[in-house]
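# Structure assessment
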Amino acid sequence: MSGSKPDILWSPHHPDRYVICDSELGLYRIGPSSGAEETTATLLAINSDTPYMKCVAWYPKHEPECLLAVGQANGRVVLTSLGQTHSSACKELVGKEFVPKHARQCNTLAWNPVDSNLLAAGLDKHRADFSVLIWDVSSRMALDSGASANEKLRLSLAEADSGSVVTKPLYELGQNDACLSLCWLLRDSKLLLAGMHRNLAIFDLRNTSQKTFVNTKAIQGVSVDPHFHDRVASYYEGQLAIWDLRKFEKPVLTLTEQPKPLTKVAWCPTRTGLLATLTRDTNIIRLYDMQHTPTPIGDETEPTIIERSVQPCDGQIGSFAWHPSSQNRMVVVSATNRVMTDFTVFERISLAWSSTSSLMWACGRHLYDCAEDSGGGEGSAERDIATKMRQRAGSGYGHDTVQLWRNHLLAGGDDPQLKSLVFLPMMVTHMKLCAEDLELKIQGNKQSLVYSGIKNIVKTSATESRRSWSGSEWQTDVPRFHSDERCLALRLCGWISRGSDIDVETFLRSLEQEGEWERAAAVALFNLDIRRAIQILNTGASTAKGELNLNVVAMALSGYSDEKVCLWREMCSSLRLQLNNSYLCIMFAFLTSEPGAYDGVLFESSVAVRDRVAFACMFLNDVQLPRYIDKLTNEMKGAGNLEGVLLTGLTNDGVDLMESYVDRTGDVQTASFCMLKGSPVDVLKDPRVQCWIENYRNLLDAWRFWHKRAEFDIHRGKLDPSSKPLAQVFVSCNFCGKSISYSGAAVPHQGRGFSQYGVGGSPTKSKVTSCPGCRKPLPRCALCLMNMGTPVSHCPGTGRSEEKVDLTRENKLAQFNNWFTWCHNCRHGGHAGHMLSWFRDHTECPVSACTCRCMQLDTTGNLLPADSS
Amino acid sequence: MDLHILDHRLRVTSIAKKGLVDFTHPLIKLIFLRNRTRCKFFSLTETPENYTVVLDEEGFKELQPSEHLQVESSIWLPLNVVSNGNTSCSSQAVGVTKIAKSVIAPLAEQHVSVFMLSTYQTDFILVKEKDLSVVISTLEEEFNIFKEEGGESVPVHSQEVSNGLQKNGKEDIHPTVHPVLIPLNHFCVMSLDPDTLPAIATTLIDVLFYSSSHKDEGQSSSSESLDCIKFFSFSLIDGYISLVMDTEAQRRFPADLLFTSSSGELWRMVRIGGQPLGFDECGIVAQISQPLADSDISAYYISTFSFDHVLVPEEDIVSVTEMLRHQRKEAAAEF
């Protein structure tokens, strides 16, 4: 503080006042200025009575206000005041001087926060004197009787007369050492923490001969965390150490060393665990957030801290001080010419996603909960994938293994990509059946073919045939290609149904029923039945809601002629691009294209992939077709478009495609189900697939969809037997130590043992209530005192016989109430149903004299599943 | 009690008065330009014979070899006793007196030569580096010994178990009783805020380097010859300044800048030695400090290149004089 380096002190009781001290003391009042956000500081008073100031401390009590203790270079401590002083108490104190026996620099001052008449001063060392002197400011004796007459004489007469000089401190501590920093401990006002020359020492005023100390270099700027009274910060050069007074042997934490020496360290009084530090010659203040620091347990726990820095002003910072009550606010004074900045440290924002798609963020003392807007069907398409997945999981998406096509409806039925997946299970079914048909012809790996897509099917050659337009007078033939594989592909695309029938009429009717007139017309046209196409369009125009356009299209269509050069052809090829419906568009593209050059159809991306593939299967030759399919496959993979599954099948190619789908959407749910549905084992073993499945399971757990998770696991176990977990719990007899589940059956099956003991209700099966090995009884339920293996006694209210009728054997097996469960801590237990009802009303174990809080030990025990079914 | 072996390696040198002109530059640099040198331990004492300069190796580099510069060949290590606050010292006696019994006497018995340097802040006991193991084994019973290395205090224990022999291998001889000189000037021991050092720079330079010219002018020559001797000491050690000067010199400094005790105590000097004492003789400090400790008289002890100097409170000088005379008589009687 000497010379130019200023320091700031906030008034402990006036939130708008502070003092800046450099060569003199200046009292300022801070208040809002005319500008909306700005504040201005007004200079209220200046005090330059005390030269050679080394340190200043503000009297902590309300009255007298503005009383300051100033420590000087010669070790004298002077009480002074700023501004008007009315109170007599203040007048009495101001001007008092406390003189150490041997003059040397006063390094630090600290008022006792409770006994406010105690003022501790830390001085440089003297060979024969103490360096920590605690003065009693209320002391009236100028010179106590202990001082020798000699000393009295030497003191200047004026000083002695005024009665304002105190030479006898109340306590003298820290002999033959220098004291560089001081602070009173908040946990006990009789304890003083001092940064001595080589150690940190805690002096107890009740027993001054004793001290606790720890050797360290970090002895500067000791300060206690106002929110956590055992936490202390101190520094040395650029190194900051955090101490826990309960474990004082070494620092709890040593923070990264700064290249420049630290000059000030201060705990934020309004925010727990926030420490601000300032180094020399810098324009930033470094903040350490120890908010989430756990209480240190054990030797090696280093709490985590978050470090950041703020730049309150452009110039170099001389000093700073936290506002005593205003949140995170500080005043910063520049190193030169007293430029002051009122600055509020912006609170770190922490953010957390809940598993149910709401978002929570905390800033300062505010907590914001952002839930997704659930209103309006319009918005539902834009919902986060997690919300969608949760809804779908809730409605049983993917679980309907009997009627696979319903999954699409369960998913909400609004995603065109998922809709395309409807065909996937159909495809697999087809493939399985077709593979059987083809088995004799293709001597290949049947298993892999079942799951492969069109890409792998259409590799065989086809015979070319020319077909003429049906129902028209044109003579031009259009080249079409046939083979069994292409036929299979067409079936997979849904154009023709299974069997020998290769007529598309069925498909057309179904399309007409769904009102997909344009598509139906296009399919009819591609089957070279232009009359049917026109008829479909006419029907569509008459039934659909005012789609008169279709009539116009039908009209245009009927104008087709097979002449290569004519006005119709010319106009159609240019005007077709203006048609809104892509199916209408490709119809004209087809009609105006040369045979074999159908790019206008094949690369119309808004046309469903399966229609394009089916088209390609009909009209592309053996060279063109694989090339087109490959190209399309890569396009689908790149875009992560699920329609592409038709091409790739559930092969490794399919995993690639699914991967880019998951990358794009995050929908691990669909990915998990698809891959489980039909994939061969080697594809399931793909780490990506395993990752999706595990993540989906975790997601279900996070949503507390435990039943769904279990269902999924069962489902998965059926489709992928290798995923079944091994038995994790075995029950052994207390007496003979043998497993009781194994002895029952000759060949133990997974999970079988428990049902046997858990239920026992099955009338046909004999109850097992004793160990099959040693015949000693099994443990008893702590509540009903029945041995393990006995079913739960029925409630008297419900008729026994009636219940028996209701329950199928399967239901009984699954009846959780009959299960035996026990606490891993106290080892008491009983029927799950009994235990659950007991802990509904009690916290302690049902066994008398056992005080185990079993249910509370189970962190998830008190959570209820969100999908209770 | 803790004994700290400080992290300084010191040289003891002497500059002849007439050779001072060659050394003014390094000396001014070492005194006033703290941030321009890495010297952490510097002490300059002017006696009528010469200037004694004790400084660490960093500072020693600044001194150019010269015919006027005498250098003691050993490396000296400073020891410092820290009371650690656990022992409440009832005795008012300070400085050398306090450590006389615990450090100086045992070291004298082991024939370890010591070089004392008292300052306002503390007392340094300088021992030769080669004697360190003897010092440690001698003092480790009484003290927790720490060696300071790069700011950290490391506990030290003696390397080998001593076999009980005199480690310095000398005969146990009776110490010589040296003649003493008691000048009439009153001395004060003071300190100074290093930040205000520039404020007294000119006075300090004047007192340190031009004192002889004052004398030559003969203003105070009447009392100078025997009754008063010129003695001025300045030390800057680990950032702490200590000054020892007589009241005449003190008057030339601004009163409000120098720190001293509030009682303004004054000290009288006892100079030990008629011939230059050398650096090998041991027991000189013990000889004086022992009786002072017995009578509970506080003292400063400043060794220089040629002689040793003890400062005692002025009110005690009569009894000290008496005591020393008695000691001489005893010594004479023994022979």
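Residues numbered from 1 in each chain as written. Chains lettered and ligands numbered in written order. Predicted model: local features only at pLDDT ≥ 70, side-chain atom pairs only at ≥ 80, totals over all residues. Heavy atoms only, no water.

Glancing now at the overall build of chain B. Helix and strand counts for chain B stand at 10 helices and 18 strands. Taken over 335 residues, chain B has a buried fraction of 56%. Restricting to contacts in chain B with at least 6 residues of sequence separation, those with at least 24 account for 78%. In the structure as shown, chain B presents an accessible area of about 14,700 Å², 50% of it carried by carbon and sulfur atoms. (Helix = DSSP H or I, 4+ residues; strand = E, 2+ residues; numbered from the N terminus. Buried < 20%, exposed > 50% of the residue type's maximum accessible area, 1.4 Å probe, protein only. Contact = heavy atoms within 4.5 Å. Areas by Shrake-Rupley, 256 points an atom, 1.4 Å probe, with all protein chains shown as cover.)

With that settled, consider the pattern of salt bridges. Under the counting rule described, the total for this entry stands at 44 salt bridges over all chains. A salt bridge links Asp-225 of chain A to Arg-231 of chain A; the nearest nitrogen and oxygen atoms lie 2.9 Å apart. Accessibility classification places Asp-225 of chain A together with Arg-231 of chain A in one group, the buried group. Across the salt bridge formed by Arg-9 of chain B and Glu-129 of chain B, the nearest N and O atoms sit 2.4 Å from each other. With a gap of 120 residues between them, Arg-9 of chain B in the loop between strand 1 (2-5) and strand 2 (10-16) and Glu-129 of chain B in the loop between strand 8 (123-128) and helix 4 (132-139) connect regions that are remote in the sequence. Bridged by salt links that share partners, the residues Lys-637, Asp-653, Asp-656, Glu-659, Asp-686 and Arg-688 of chain A form one connected network. (Salt bridge = Lys/Arg side-chain N within 4 Å of Asp/Glu carboxyl O.)

Here the focus is the sheet that holds strand 21 (residues 253-255) of chain A. Residue and element names in this part refer to chain A. Spatial strand order, 18-19-20-21: four strands in an open sheet with antiparallel pairing. The sheet terminates laterally at strand 18 (220-224) and strand 21, the two strands that pair on one side only. For this sheet the average axis-to-axis angle between neighbouring strands, irrespective of direction, equals 15 degrees. Where strand 20 (residues 239-244) lies against strand 21, three bridges are found, and the strand directions are antiparallel. Counted as the bridge partner of Ile-242 is Leu-253 from strand 21. (Pairing = 2+ DSSP bridges. Axes fitted to C-alpha atoms, helices over the stretch in contact; angles between N-to-C directions.)

Before going further, it helps to spend a moment on the confidence of the model for chain B. Residue and element names in this part refer to chain B. Mean pLDDT over chain B stands at 81; residues scoring 70 or higher make up 85%. The low-confidence segment residues 86-91, where pLDDT is below 50, has eight contacts with residues more than four positions distant or belonging to other chains. The complex prediction reports pTM at 0.63, with the ipTM value standing at 0.81. (pLDDT = per-residue confidence, 0-100.)

Moving on: the environment of Gly-540 of chain A. Residues and elements named next belong to chain A. Topologically, Gly-540 is positioned in helix 14 (residues 530-543). Sequence separation between Gly-540 and Trp-517 is 23 residues; the distance between their C-alpha atoms is 5.6 Å. In this structure Gly-540 touches Trp-517 and Leu-550, once residues within four positions along its chain are discounted.

Residues and elements named next belong to chain A. Helix 17 (residues 582-592) packs onto helix 15 (residues 549-558) with a crossing angle of 5 degrees between their chain directions and a minimal axis gap of 12 Å. When the axes of helix 15 and helix 17 are compared, the pair comes out roughly parallel. In contact with Leu-550, Val-553, Ala-556 and Leu-557 of helix 15, helix 17 contributes Leu-584, Met-587, Phe-588 and Leu-591. Here the contact of helix 15 with helix 17 is built from residues that sort into eight nonpolar, no polar and no charged. (Parallel < 35°, antiparallel > 145°, perpendicular 65-115°, else oblique. Nonpolar A, V, L, I, M, F, W, Y, C, P; charged D, E, K, R; others polar.)

Turning our attention to the packing of aromatic side chains. All names here are of chain A. Per the stated rule, a full pass over the model turns up 25 aromatic pairs over all chains. Ring geometry for Tyr-18 versus Tyr-28: centroids 5.7 Å apart, planes at 15 degrees, classification stacked. In this pair, Tyr-18 is assigned in strand 2 (residues 17-21) and Tyr-28 in strand 3 (residues 25-32), connecting sequence segments 10 residues apart. Look at Tyr-18 and you get buried, because its relative accessible area is 0%. Relative to Phe-615, the ring of Phe-526 has its centre 4.6 Å away and its plane inclined at 65 degrees; by these criteria the two rings are edge-to-face. (Phe/Tyr/Trp six-rings, centres within 6.5 Å; stacked < 30°, edge-to-face > 60°.)

Let us now look at the pairing of strand 14 (residues 240-246) of chain B. Residue and element names in this part refer to chain B. Counting buried positions over the seven residues of strand 14 gives seven, a clear majority of the element. Burial of strand 14 is two-sided: the residues Tyr-240, Ser-242, Val-244 and Asp-246 facing one way and the residues Ile-241, Leu-243 and Met-245 facing the other way are all buried. Alignment of strand 12 (residues 186-192) against strand 14, held across six bridges, turns out to be antiparallel. By the bridge assignment, Leu-192 is partnered in strand 14 with Ile-241. As paired strands, strand 13 (residues 232-237) and strand 14 are joined by five bridges and run antiparallel to one another. Opposite Ile-237, over in strand 14, you have Tyr-240 as the bridge partner.

Attention now goes to the sheet that holds strand 5 (residues 53-58) of chain A. Residue and element names in this part refer to chain A. Taken together, the five strands give an open sheet; going across it, the order is 5-6-7-8-12, and neighbouring strands pair in mixed fashion. In this open sheet, the two strands that pair with only one neighbour each are strand 5 and strand 12 (165-166). As defined by bridge partners, strand 6 (residues 67-72) adjoins strand 7 (residues 77-81) across five bridges and the pair is classed as antiparallel. When the bridges of strand 7 are listed, Ala-69 appears paired with Leu-79.

Right, let's get into a nonpolar patch on the surface. Residue and element names in this part refer to chain A. Among the surface-exposed residues, Leu-567, Met-571 and Leu-575 lie close enough to one another that they form a single nonpolar patch of about 290 Å² accessible area. By the secondary structure assignment, Met-571 is in helix 16 (residues 567-575). Judged by its relative accessible area of 37%, Met-571 is partly exposed. (Patch = residues over 30% accessible without salt bridge, like charges linked within 9 Å, V, L, I, M, F, W, Y side chains within 5 Å.)

The next point concerns helix 25 (residues 687-702) of chain A. Residue and element names in this part refer to chain A. With 16 residues, helix 25 should reach 22 Å at 1.5 Å per residue; the first-to-last C-alpha distance of 22 Å fits that figure. Looking only at helix 25, the buried set comprises Val-689, Trp-692, Ile-693, Tyr-696, Arg-697 and Leu-700. End-on view of helix 25: buried residues confined to an arc of 130 degrees, all on one side of the axis. Sitting at the head of helix 25, Asp-686 places a side-chain oxygen 2.8 Å from the backbone nitrogen of Arg-688. (Expected span 1.5 Å × (residues − 1). Arc of directions from axis to C-beta. Polar contact = N/O pair within 3.5 Å; in protein donor to acceptor, adjacent residues only side chain to side chain.)

A word on the packing of helix 20 (residues 624-639) of chain A against helix 22 (residues 652-665) of chain A. All names here are of chain A. Contact geometry of helix 20 with helix 22 gives a least axis separation of 7 Å together with a crossing angle of 35 degrees. Contacts between helix 20 and helix 22 involve Met-636, Lys-637, Gly-638 and Ala-639 on the former and, on the latter, Asp-653, Asp-656, Leu-657, Ser-660 and Arg-664. Looking at side-chain class alone, the contact of helix 20 with helix 22 contains three nonpolar, two polar and four charged residues.

Residues and elements named next belong to chain B. Of the two faces of strand 1, the one holding Asp-2 and His-4 and the one holding Leu-3 and Ile-5 are both buried throughout. As paired elements, strand 1 and strand 6 (residues 76-82) share four bridges and run antiparallel to each other. Bridging across to strand 6, Leu-3 finds its partner in Val-81. Sheet topology note: the strand 1/strand 9 (residues 144-149) ladder contains four bridges and is parallel. The residue of strand 9 that forms the bridge with Leu-3 is Ile-145.

Scanning the model with the defined rule gives zero disulfides over all chains in all. Residue Cys-21 of chain A stays outside any disulfide, its sulfur separated by 9.4 Å from that of Cys-55 of chain A, the closest cysteine. (Disulfide = S-S within 2.5 Å.)

Turning next to the side chain of Thr-216 of chain A. All names here are of chain A. As for its placement among the helices and strands, Thr-216 is situated in the loop between strand 17 (211-215) and strand 18. For Thr-216, a relative accessible area of 13% corresponds to the buried category. When neighbours within four sequence positions are excluded, Thr-216 is seen to be in contact with Arg-198, Asn-199, Leu-200 and Trp-243.

All names here are of chain A. Across the 11 residues of helix 17, 11 count as buried, placing the element largely inside the fold. Burial in helix 17 covers these residues: Ser-582, Tyr-583, Leu-584, Cys-585, Ile-586, Met-587, Phe-588, Ala-589, Phe-590, Leu-591 and Thr-592. Against helix 13 (517-526), helix 14, helix 15, helix 16, helix 18 (599-602) and helix 19 (609-619) lie the buried residues of helix 17.

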